[in-house]
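Notes for the structure review
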Amino acid sequence: MIRVAALQGPDLDAALADVAALRIEVFRAFPYLYDGDLTYEQRYLAPYRDAASAILIGAFDDTRLIGAATGTPMTEHAGDFAAAFADQPVALDEIFYCAESVLLPAWRGQGIGHAFFDLREAHARRLGFAFCAFCAVIRPDDHPARPPDYTPLDGFWRKRGYAPLPGVIARFGWKDLGHQHETQKPLQFWMRRLD
């Protein structure tokens, strides 16, 4: 039985270590190729426990965490993303940022990704935001680690009403698998107006 729900209080605290491990596992795959670090992950996830405006959603198969999604007001990420939005007509304080969705491969295609977006968008509406946005790493089509059967999620995101924002590209650094040092990657922002 799959259960998808926003986590709060003791449930959220109990899940944080598993969410950190899940992010590392899922983001190791293309296109992120993330060589993750549990200490960094736990520090990264702390605001989702501490901020009332943030949301952390868990997907469980029985008691096993198989997926997670997070969201927070874009202003809480202004240091990372303000430059990308500098020329946009929409103010950062109107945007709710859907930070990530991670789901183990065996559970994909069952509607969990839609549930993640539904819950984050509902949370953003309750808080009075006019827009939801997220960003996705840009990798070249001929990247050597790209699997032959790789299919980007663009179609899924478009069905949800999101579209890429031309020229709204952030830069964020992490260490790729097999590399010694962190490098900056371009991330394309997608956004939709909330109904």
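Our subject in this report is the structure included herewith. (Residues numbered from 1 in each chain as written. Predicted model: local features only at pLDDT ≥ 70, side-chain atom pairs only at ≥ 80, totals over all residues. Heavy atoms only, no water.)

Here we come to the overall build of the protein. Across its full length, the protein holds five helices and seven strands. Put simply, the protein runs from its N terminus to its C terminus through helices and strands in the order β-α-α-β-β-α-β-α-β-α-β-β. Taking 195 residues into account, the globule formula puts the C-alpha radius of gyration at 16 Å, and the protein, at 16 Å, falls close to it. Across its three principal axes, the protein shows a C-alpha extent of roughly 40 × 40 × 30 Å. For the protein, buried positions account for 46% of its 195 residues. A fraction of 71% describes how many contacts in the protein between residues 6 or more apart in sequence connect residues 24 or more apart. Element-wise, carbon and sulfur atoms account for 53% of the exposed surface of the protein, whose accessible area totals about 10200 Å². (Helix = DSSP H or I, 4+ residues; strand = E, 2+ residues; numbered from the N terminus. Rg over C-alpha atoms; globule rule 2.2 N^0.38 Å. Buried < 20%, exposed > 50% of the residue type's maximum accessible area, 1.4 Å probe, protein only. Contact = heavy atoms within 4.5 Å. Areas by Shrake-Rupley, 256 points an atom, 1.4 Å probe, with all protein chains shown as cover.)

Turning our eyes to something else, we now look at unusual backbone geometry. With an omega dihedral of 15°, the bond running from F30 to P31 counts as a cis peptide bond. Turning to its location among the elements, P31 is positioned in the loop between α1 (9–27) and α2 (38–50). We note that L33 has phi near 55°; this positive angle belongs to a residue other than glycine. Looking at where L33 falls in the secondary structure, it is placed in the loop between α1 and α2. Judged by its relative accessible area of 11%, L33 falls in the buried class.

What follows deals with the packing of aromatic side chains. Under the definition given, this model contains 17 aromatic pairs. Geometrically, the ring pair formed by F134 and W157 is tilted, given 4.8 Å between the ring centres and 55° between the ring planes. You can see F134 sitting in strand β5 (residues 131–137) and its partner W157 sitting in helix α5 (residues 154–159), a full 23 residues away along the chain. Residue F134 shares its accessibility class with W157, and that shared class is buried. Among the aromatic residues, those joined into a cluster by ring pairs are F117, F134, F156, W157, Y162 and W190. Between the NZ or CZ atom of R120 and the centre of the ring of F117, over which it lies, the distance is 4.5 Å. (Phe/Tyr/Trp six-rings, centres within 6.5 Å; stacked < 30°, edge-to-face > 60°. Lys NZ or Arg CZ within 6 Å of the ring centre and 35° of its normal.)

Using the criterion set out here, one finds zero disulfides in the structure. Its sulfur unpaired, C132 is 4.2 Å from the next cysteine sulfur, which belongs to C98. Using a relative accessible area of 0% as the deciding quantity, one classes C132 as buried. Between C135, a cysteine without a disulfide, and C98, which holds the nearest cysteine sulfur, the sulfur-to-sulfur distance is 11 Å. (Disulfide = S-S within 2.5 Å.)

Here we have seven strands laid out as an open sheet, ordered β1-β2-β3-β4-β5-β7-β6, and mixed in their pairing. Across the chains shown, the open sheet's two edge strands, defined by having one partner strand only, are β1 (2–6) and β6 (163–175). For this sheet, the mean inter-axis angle between neighbouring strands, taken without regard to orientation, is 25°. Summarising the sheet, β1 and strand β2 (residues 55–61) pair through five bridges and their orientation is antiparallel. When the sheet's bridge partners are listed, A6 is paired in β2 with I57. Its contacts with the sheet put α1 on β2, β3 (64–73) and β4 (95–103), and the angle it makes with β3 is roughly 95°. (Pairing = 2+ DSSP bridges. Axes fitted to C-alpha atoms, helices over the stretch in contact; angles between N-to-C directions.)

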